[in-house]
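The chain contents come next:
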Amino acid sequence: MKRIALFAALTLLAAVASAQPSPSFSIGPRISSYSTDLDVDLGRVETGRQTSFGLVGDYRNGAVVFDWLYNHDPSNGASLLDVVADTSDYERNWGEATVGYAIAPILDLQGGIRIDSIRLGGARLFGGSIFSDLDLDHQAVTAGVHLHTPNRAQVGWYGTARGYIGSAKFDRLGERVNSDTSGWRAETGVLIRIGESNWYIVPGAEYERLETKDFGVDLKSNRLFLNFVFTR
């Protein structure tokens, strides 16, 4: 009788295990066209439409999912609008990494970290300095939701919304200062499988905002992107 019960239990466990989806992962490059508005005290910088690149990936095992994103906005000539001023250079590196749990086949709850590094050349108005070179380093914790089609079909869709709170260190008028930060990011995209291969193209759009509590730093950025990812 004990052997029959043990055999039945093992059979049930094997059936449950076979019903679980196998682990999957994706990784690939991204290219995007972004535009960033950056207010710093009395100066406002708009990059105009520029090109950037990065890398995306995720790993899913059952209800647990890990995903990450890195993006590099390279140095570009930025213009100061609404004032008579010299142009300045803008560069930014930023990324996010989260761990999530699927509470439904189409919905993940996520939490993780976010890191930003922003460099902006000094701007001058009528020969006088508006602000010194901006050298901002930002770290934050982030949390949000990821809504998606339940499996990797020929065509899929996803949407991500995350908020974050953290702190930033940056130069202001030649002094190093600290400030609490808050912000949010929303992203949506369509996954299109290339034939019967393991490759997908993912066009999409993104909007984000980052603010410091003190010293008047306010960043707004919108982005059109194209990811090219390998999935397994």
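For the structure, see preceding data.
The shown structure was predicted, so the numbers you read here are calculated from the model rather than taken from an experiment.

1. Description of the overall build of the chain
Part 1 of the reasoning: When helices and strands are counted, the chain shows one helix and 13 strands.
Part 2 of the reasoning: Along the chain, from the amino end to the carboxyl end, the secondary structure elements read α-β-β-β-β-β-β-β-β-β-β-β-β-β.
Part 3 of the reasoning: For the chain, the proportion of its 232 residues judged to be buried stands at 38%.
Part 4 of the reasoning: Excluding contacts between residues fewer than 6 apart, the proportion of contacts in the chain whose partners are at least 24 apart in sequence is 60%.
Part 5 of the reasoning: On the chain, roughly 12200 Å² of surface is accessible, and the fraction owed to carbon and sulfur atoms is 64%.

2. Some words on the packing of aromatic side chains
Part 1 of the reasoning: The tally for this structure, following the rule as stated, stands at six aromatic pairs.
Part 2 of the reasoning: R30 extends its terminal NZ or CZ atom over the ring of F225, reaching a point 4.6 Å from the ring centre.

3. Let's talk about the layout of surface pockets
Where empty space is left can be seen by rolling a probe of water-molecule size over the atoms.
Part 1 of the reasoning: A volume near 980 Å³ is recorded for the largest pocket.
Part 2 of the reasoning: Along its surface, the largest pocket is lined by 45 residues, and D58, R60, H146, H148 and R152 are the ones closest to its centre.
Part 3 of the reasoning: Per-element accounting of the lining of the largest pocket gives the leading share, six residues, to strand β10 (residues 155-172).
Part 4 of the reasoning: Looking at side-chain class alone, the lining of the largest pocket contains 19 nonpolar, 15 polar and 11 charged residues.

Calculation notes
- Residue positions are given per chain, counted from 1 along the sequence in the order it is written.
- Reporting of local features is limited, given that this is a predicted model, to residues whose pLDDT is at least 70; pairs of side-chain atoms are given and counted only at 80 or more, and all residues count toward the totals for whole chains, interfaces and linings.
- As a rule here, side-chain values come from all non-hydrogen atoms in the structure, and water together with hydrogens is ignored.
- A helix here means a DSSP run of H or I that spans at least four residues, while a strand means a run of E at least two residues long, and both kinds are numbered starting from the N terminus.
- Using a 1.4 Å probe on the protein chains alone, a residue whose accessible area is under 20% of its type maximum counts as buried, one over 50% counts as exposed, and one in between counts as partly exposed.
- Pairs of residues are marked as contacts when any of their non-hydrogen atoms sit within 4.5 Å.
- Here the open area of atoms and residues is found with the Shrake-Rupley method and a 1.4 Å probe, where only the protein chains shown may cover a residue.
- In summary, the pairing rule links any two rings of Phe, Tyr or Trp, Trp by its six-membered ring, whose centres are within 6.5 Å, and it sorts them by plane angle into stacked for under 30 degrees, edge-to-face for over 60 and tilted for everything else.
- The rule for a charge over a ring is simple: NZ of Lys or CZ of Arg within 6 Å of the ring centre, and within 35 degrees of the ring normal.
- Put plainly, a pocket is an open set of points on a 1 Å grid over the protein atoms alone with protein on both sides within 12 Å along at least five of seven lines, a cavity is a set where a 1.4 Å probe fits but cannot get out, and a lining residue has an atom within 4 Å of a point.
- Grid points are joined across faces, edges and corners, and a volume is the space filled by probe spheres set on the points.
- Each residue is assigned to one class: nonpolar for Ala, Val, Leu, Ile, Met, Phe, Trp, Tyr, Cys and Pro, charged for Asp, Glu, Lys and Arg, and polar for all the others, Gly among them.

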